[in-house]
Amino acid sequence: MSLPITYNPVSKKVSLAEGYKASENEALEREISQLNTLMKDYVNTNSDVPALPTPQSFTKKLSLLVRNMHGGAANSMKQKKYKEAAKQFDLALGLAIARPKFENFQLSMAEVIICLMGRCDALMMDKQWLGAYQDAEILCQLAAAVPENHLRKGLCELQLGNPLEARTDFERGLCFKPGHPKLQMHLKLAQAVIDEQNGEI
């Protein structure tokens with residue numbers, strides 16, 4: 001069975017065949033987009049076989065840009081300019097995500113996680129709880145062993161009116177670091193809200 005796709009040898013891109021709508025072929029459109037990203041990065045390597053993804057082959061200039069943008073965002077946080085900080089973290093995250101896909105995944109992921117943590121914190125400080133929750137959810141998947149990520153998610157859940165979920169997040173964080181003072185404190189707060197809702201207080 002052939003797929004409804006065409007290949008342009010000039011642009012070196014795959015696209016949906018004429019007459020097929022992206023809205024009706026969303027899964028295939030996503031795969032085409034991913035394939036085109038990989039092809040673009042492959043062409044840019046100027047090599048038949050991409051170099052091994054070692055720390056030495058990691059693009060240092062891009063890392064410097066990410067660090068500088070992250071540093072600027074951190075300064076905005078210190079000045080309590082949370083909206084501006086969130087935008088700067090977002091730009092830094094965009095740079096980290098745009099890194100060529102054939103580079104070292106572990107180092108790329110570390111940059112993404114650091115920027116995502118910063119943006120999540122900025123959104124929380126700006127009381128943009130839904131956006132912060134979405135970042136925290138991703139962080140809990142990418143770096144589950146970091147207890148602060150579960151703290152972030154739990155705090156967002158509390159503010160969004162979901163104390164049961166918040167309690168679960170705090171408990172999960174304590175699994176990775178028993179005795180974490182902030183997790184313990186907010187676990188008690190979540191339990192107090194649950195008890196109040198159940199009429200036990």
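For the structure given in this document, a descriptive report is provided here.

The rules behind each value
Residues numbered from 1 in each chain as written. Predicted model: local features only at pLDDT ≥ 70, side-chain atom pairs only at ≥ 80, totals over all residues. Heavy atoms only, no water. Helix = DSSP H or I, 4+ residues; strand = E, 2+ residues; numbered from the N terminus. Expected span 1.5 Å × (residues − 1). Buried < 20%, exposed > 50% of the residue type's maximum accessible area, 1.4 Å probe, protein only. Arc of directions from axis to C-beta. Contact = heavy atoms within 4.5 Å. Patch = residues over 30% accessible without salt bridge, like charges linked within 9 Å, V, L, I, M, F, W, Y side chains within 5 Å. Areas by Shrake-Rupley, 256 points an atom, 1.4 Å probe, with all protein chains shown as cover. Salt bridge = Lys/Arg side-chain N within 4 Å of Asp/Glu carboxyl O.

Moving on, we get to helix H5 (residues 129-142). When the terminal C-alpha atoms of H5 are compared, their 20 Å separation across 14 residues agrees well with the 20 Å that a helix rising 1.5 Å per residue should span. The complete set of buried residues in H5 reads Trp129, Ala132, Asp135, Ala136, Leu139 and Cys140. Viewed along the axis of H5, the buried residues span an arc of 140°, placing them on a single side of the element. Away from its buried face by more than 90 degrees, H5 exposes Leu130 and Gln141. Its buried side turned inward, H5 meets helix H4 (105-125) and helix H6 (147-159).

Let's shift gears to a nonpolar patch on the surface. Taken together, the side chains of Leu38, Tyr42, Val43 and Phe102 make up a nonpolar region of the molecular surface, amounting to roughly 290 Å² of accessible area. Locating phenylalanine 102 in the fold gives a position in the loop between helix H3 (82-97) and H4. Exposure remark for phenylalanine 102: the relative accessible area of 31% places this residue in the partly exposed category.

Taken by themselves, the reported measurements are silent on function.
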